[in-house]
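Read off the chains here:
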Amino acid sequence: MLAIDAGNSKTDVAVVTADGRVAGTARGGGFRPPTVGVETAVDAVADAVGRAFAAAGLTSVEHVSACLANADLPVEEEELAAALHARAWGTSVEVRNDTFAILRAGIAEPRGVAVVCGAGINCVGMRPDGRTARFPAIGRISGDWGGGWGMAEEALWHAARAEDGRGGPTALARTLPAHFGLGSMYALIEALHLGHIGNARRHELTPVLFATAVDGDPVARALVDRLADEVVAMATVALTRLELLDEETPVLLGGSILAARHPQLDDRIAELLADRAPKAVPRVVTASPVLGAALLGLDHVRAPDDVHARVRAHYEEA
């Protein structure tokens, strides 16, 4: 089996044998079909797959389990599955959104909910009977708020209005431009607008927002609390859809923001879950997402429990 976890920033692949041995692994670049097109994005994955196959001494496998960023809608999963199948890496191909990899990596059986907050925010859930819960998670048009990009945008909005008088005061008006060595929000706005500071560097402002919240700024703290509310809202809806709200169920938290263990965010999430989903068991996922892709593949081929355990041990003991 070939396991693929392809995120926006990197791709991990692993070749797993029938007895659960990880025979070859490789890492590649990010997977961004909306930016570069499906075929070009798959080409980037193909490089890593080729290296993993070479390490394993294989040229194809029985099954491909791919958890891919930007596979947000079923129609996108179908398109990407067809593109992977055309590469003849495996007899069968199953594509899921990459959030499912984080969920499966953190649970012993396919039962639970995961919320991922990195550059964006997403939530999925699953039951052993195959039922799933998910959101489109394609931005504001699908009702999303949060993630590193969204948090940075909100911080800039509040800081700009604080400096020019349209909004209330916030230390963000000082800390955001200071991160880039600038003395005012006007200077930062100009630098971003004219491209003197690259658009991708806006992500750097999210840690600044959290640091400003730690220092007690009310506006920054309110944004952190709002993110906690979004995380819990998504998890609670997914639990409800899967009829798991009244059962003890793991709620896995992943992605760079949730994995950073910000005390205010962690405490607020725990507080809100205790109120809205008291039987939920929150836990931060630290295992590599490619483990989740591999376990989903093993679920698909109905591999025995000892094979699942051997693959998990490989990644958890690494």
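See the structure above.
In what follows, the accompanying structure is described. (Residues numbered from 1 in each chain as written. Predicted model: local features only at pLDDT ≥ 70, side-chain atom pairs only at ≥ 80, totals over all residues. Heavy atoms only, no water.)

**Description of the pattern of salt bridges**
What counts is decided by this rule: Note on definitions: salt bridges are taken to be side-chain nitrogens of Lys or Arg within 4 Å of carboxyl oxygens of Asp or Glu. The helix and strand labels rest on DSSP assignments: H or I over at least four residues marks a helix, E over at least two residues marks a strand, and numbering proceeds from the N terminus. Buried, partly exposed and exposed residues are distinguished by accessible area as a fraction of the type maximum, computed with a 1.4 Å probe on protein chains only: under 20%, between the cut-offs, and over 50%, respectively.
Tallying each qualifying case throughout the model produces 19 salt bridges. With a closest N to O distance of 2.8 Å, R87 and D43 form a salt bridge. Of this pair, R87 sits in the loop between α3 (74-85) and β5 (90-97) while D43 sits in helix α2 (residues 38-56), and the two are 44 residues apart along the sequence. Overall, the relative accessible area of 42% leaves D43 in the partly exposed class. Ionic pairing is found between E94 and R96, a salt bridge with its closest N-O pair at 3.8 Å.

**Describing the side chain of T11**
What counts is decided by this rule: N or O atoms within 3.5 Å of each other form a polar contact, as long as, within protein, one can give a hydrogen and the other can take it, and as long as residues adjacent in sequence are counted only when both atoms are side-chain atoms. Two residues form a contact once any of their heavy atoms are found within 4.5 Å.
Secondary-structure assignment places T11 in strand β2 (residues 11-16). In terms of polar contacts, T11 uses its side chain to reach the backbone carbonyl oxygen of G29, at 2.7 Å. For T11, the contacting residues outside a window of four places in its chain are I4, D5, A6, A26, R27, G28, G29, G30, F31 and V45.

**Here's the deal with the environment of P34**
Summarising the element assignment, P34 is placed in helix α1 (residues 33-36). Judged by relative accessible area, which is 62%, P34 ranks as exposed. Through-space distance from the C-alpha of P34 to that of V15 is 27 Å; in sequence the pair is 19 residues apart.

**Some words on the sheet that holds β5**
To keep it simple, the criterion reads: Strand pairing is defined by DSSP finding a minimum of two bridges between the two strands. Axes, fitted as lines to C-alpha atoms, cover a helix only where it is in contact. Angles between the N-to-C directions of the axes lie from 0 to 180 degrees.
What the 5 strands build is an open sheet, ordered β3-β2-β1-β4-β5; its pairing is mixed. Of all the strands in the sheet, just β3 (22-28) and β5 have a single pairing partner and so form its edges. When the angles between neighbouring strand axes are averaged without regard to direction, this sheet yields 15 degrees. Across 5 bridges, the pairing between strand β1 (residues 2-6) and strand β4 (residues 61-68) is parallel. In the strand pairing of β4, L2 is matched with V64. Across the face of the sheet, α3 comes into contact with β4 and β5 while running at roughly 150 degrees to β5.

**Description of the pairing of β4**
Worth spelling out the cut-off: Throughout, right-handed denotes a crossover for which the path from the first strand over the helix to the second runs clockwise when the strands point away from the viewer.
Burial of β4 is extensive: 7 of the 8 residues sit out of reach of the surface. At this point the chain moves from β4, through α3, to the parallel β5, and the crossover so formed is right-handed.

**Points about the sheet that holds strand β7 (residues 121-126)**
Read from one edge to the other, the open sheet built from 5 strands follows the order β8-β7-β6-β9-β10, with strand pairing classed as mixed. Every other strand in the sheet has two partners, leaving β8 (132-134) and β10 (280-284) as the edge strands with one partner each. Each strand axis lies, on average, 15 degrees off the axis of its neighbour in the sheet, ignoring direction. Bridge count for strand β9 (residues 249-254) against β10 is 5 bridges, and the pairing is parallel. Bridging from a neighbouring strand, P250 pairs with V281 of β10.

**A short note on the nonpolar core**
Note the following rule: Grouping buried Ala, Val, Leu, Ile, Met, Phe, Trp, Tyr and Cys residues that are joined through side-chain atoms within 4.5 Å yields what is termed a nonpolar core.
Among the nonpolar cores identified, the biggest contains 54 residues, and L176, L227, L265 and I269 are the most heavily contacted of them. Examining the composition of this core, we find that 12 residues originate from one element, helix α9 (residues 218-241), more than from any other. Of all hydrophobic cores here, the second largest spans 29 residues; its members include V16, L103, V290 and A294.

**What about the environment of C67?**
Structurally, C67 can be placed in strand β4. Judged by relative accessible area, which is 0%, C67 ranks as buried. As for C67 and V95, which are separated by 28 residues in sequence, their C-alpha atoms are 5.8 Å apart. Apart from the residues lying within four places of it in its own chain, the contact partners of C67 are I4, D5, A6, R96, N97, D98, A101, A293 and L296.

**Quick notes on the environment of W145**
Along the chain, the position of W145 falls in the loop between β8 and α5 (147-164). Along the primary structure W145 and I121 are separated by 24 residues, whereas in three dimensions their C-alpha atoms are 7.4 Å apart.

**Topic: the packing of aromatic side chains**
Defined as follows: Each aromatic pair joins two rings of Phe, Tyr and Trp (for Trp, the six-membered one) with centres within 6.5 Å, and gets the label stacked for planes under 30 degrees apart, edge-to-face for over 60, and tilted for any other angle. The rule for a charge over a ring is simple: NZ of Lys or CZ of Arg within 6 Å of the ring centre, and within 35 degrees of the ring normal.
Counted according to the given criterion, the structure contains 0 aromatic pairs. For the cation-ring pair, R96 lies above F100, with the distance from its terminal atom to the ring centre recorded as 5.2 Å. Just above the ring of F135 sits the side chain of R241; from NZ or CZ to the centre is 4.7 Å.

**Some remarks on the packing of α2 against α3**
Helix-helix packing is characterised by the crossing angle of the two axes and by the distance between the axes. Quick note on the threshold: We call two directions roughly parallel when the angle between them is under 35 degrees, roughly antiparallel when it is over 145, roughly perpendicular when it lies between 65 and 115, and oblique otherwise. The handedness criterion is simple: a crossing whose near helix is rotated anticlockwise from the far helix by less than a right angle is left-handed, and one whose near helix is rotated clockwise is right-handed.
α3 packs onto α2 with a crossing angle of 55 degrees between their chain directions and a minimal axis gap of 10 Å. Judged by the inter-axis angle, α2 sits oblique to α3. In this structure, the crossing between α2 and α3 has a hand that is right-handed. Packed against α2, whose contacting residues are V38, E39 and V42, the element α3 presents E79, L80, A83 and L84 at the interface.

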